[in-house]
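Listed here are the chains, written in short residue letters.
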Amino acid sequence: MHFFFRSYDGDWTWNDEKYKQHIAEGIGYPMYRTTDSLLWGTGKINGYYSYMVVDRNGEVFELFSKYNDADFSFYSKWLISSIREYRKRGKMFMFRRRYHLIS
């Protein structure tokens, strides 16, 4: 639902309040920091429930659903626990990306 482009120049430092505020302003709901330095937030935008996690590399992972049901809750918990498990094993969590060009 959201498109994020990370700027590799400028004064963004991971895990500072300025970066957290930048993400929150871009998505429209507050972000929170976990004790292991992940940013997360959840909110409802344009009729869809959104759950977002930002890892230490600045990668953004968003789940969204029209329904805030048990399945959405399960996958929200799955996302953050999967990122933590990959980190514990020294790997980076990543979804396969697809890009469609409109001509």
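Located above this text is the structure these notes cover.
Treat the numbers as computed from the prediction; the structure is a model and nothing was measured. (Residues numbered from 1 in each chain as written. Predicted model: local features only at pLDDT ≥ 70, side-chain atom pairs only at ≥ 80, totals over all residues. Heavy atoms only, no water.)

Undergrad: Explain the overall build of the protein chain to me, using residue names and the numbers behind them.
TA: The helix and strand inventory of the protein chain stands at 2 helices and 4 strands. Its helices and strands taken in sequence order, the protein chain reads α-β-β-β-β-α from the N to the C terminus. A buried classification covers 34% of the 103 residues belonging to the protein chain. Taking all contacts inside the protein chain whose residues are at least 6 apart in sequence as the whole, residues at least 24 apart take part in 32%. Of the roughly 7,700 Å² of accessible surface on the protein chain, a fraction of 53% belongs to carbon and sulfur atoms. (Helix = DSSP H or I, 4+ residues; strand = E, 2+ residues; numbered from the N terminus. Buried < 20%, exposed > 50% of the residue type's maximum accessible area, 1.4 Å probe, protein only. Contact = heavy atoms within 4.5 Å. Areas by Shrake-Rupley, 256 points an atom, 1.4 Å probe, with all protein chains shown as cover.)

Undergrad: Lay out the packing of aromatic side chains with the relevant residues and their values.
TA: Taken as a whole and judged by the stated rule, the model has 8 aromatic pairs. Each ring, one from tyrosine 32 and one from tryptophan 40, has its centre 5.1 Å from the other, and the planes form 40 degrees; the classification is tilted. Here tyrosine 32 falls in the partly exposed class, since its relative accessible area comes to 41%. Relative to phenylalanine 93, the ring of phenylalanine 61 lies with its centre 5.1 Å away and its plane at 70 degrees, an arrangement referred to as edge-to-face. (Phe/Tyr/Trp six-rings, centres within 6.5 Å; stacked < 30°, edge-to-face > 60°.)

Undergrad: Report on a nonpolar patch on the surface, specifying residues and quantitative values.
TA: Judged by side-chain polarity, Phe74, Tyr75, Trp78 and Phe95 come together as a nonpolar surface patch covering roughly 420 Å² of accessible area. In this structure, phenylalanine 74 sits in helix H2 (residues 70-88). (Patch = residues over 30% accessible without salt bridge, like charges linked within 9 Å, V, L, I, M, F, W, Y side chains within 5 Å. Salt bridge = Lys/Arg side-chain N within 4 Å of Asp/Glu carboxyl O.)

Undergrad: Give a description of the pairing of strand S2 (residues 39-45) that names residues and reports values.
TA: Burial along S2 is one-sided: Leu39, Gly41, Gly43 and Ile45 are buried, while Trp40, Thr42 and Lys44, pointing the other way, are not. Across 2 bridges, the pairing between strand S1 (residues 32-33) and S2 is antiparallel. Counted as the bridge partner of arginine 33 is leucine 39 from S2. The turn linking S1 back onto S2 is made up of 5 residues, and serine 37 within it adopts a positive phi angle of 70 degrees. Alignment of S2 against strand S3 (residues 48-54), held across 7 bridges, turns out to be antiparallel. Each bridged residue has a counterpart across the sheet, and for lysine 44 the counterpart in S3 is tyrosine 49. Count of turn residues in the S2/S3 antiparallel hairpin: 2 residues, of which asparagine 46 carries a positive phi of about 50 degrees. (Pairing = 2+ DSSP bridges.)

Everything listed here is a matter of geometry and, on its own, says nothing about what the molecule does.
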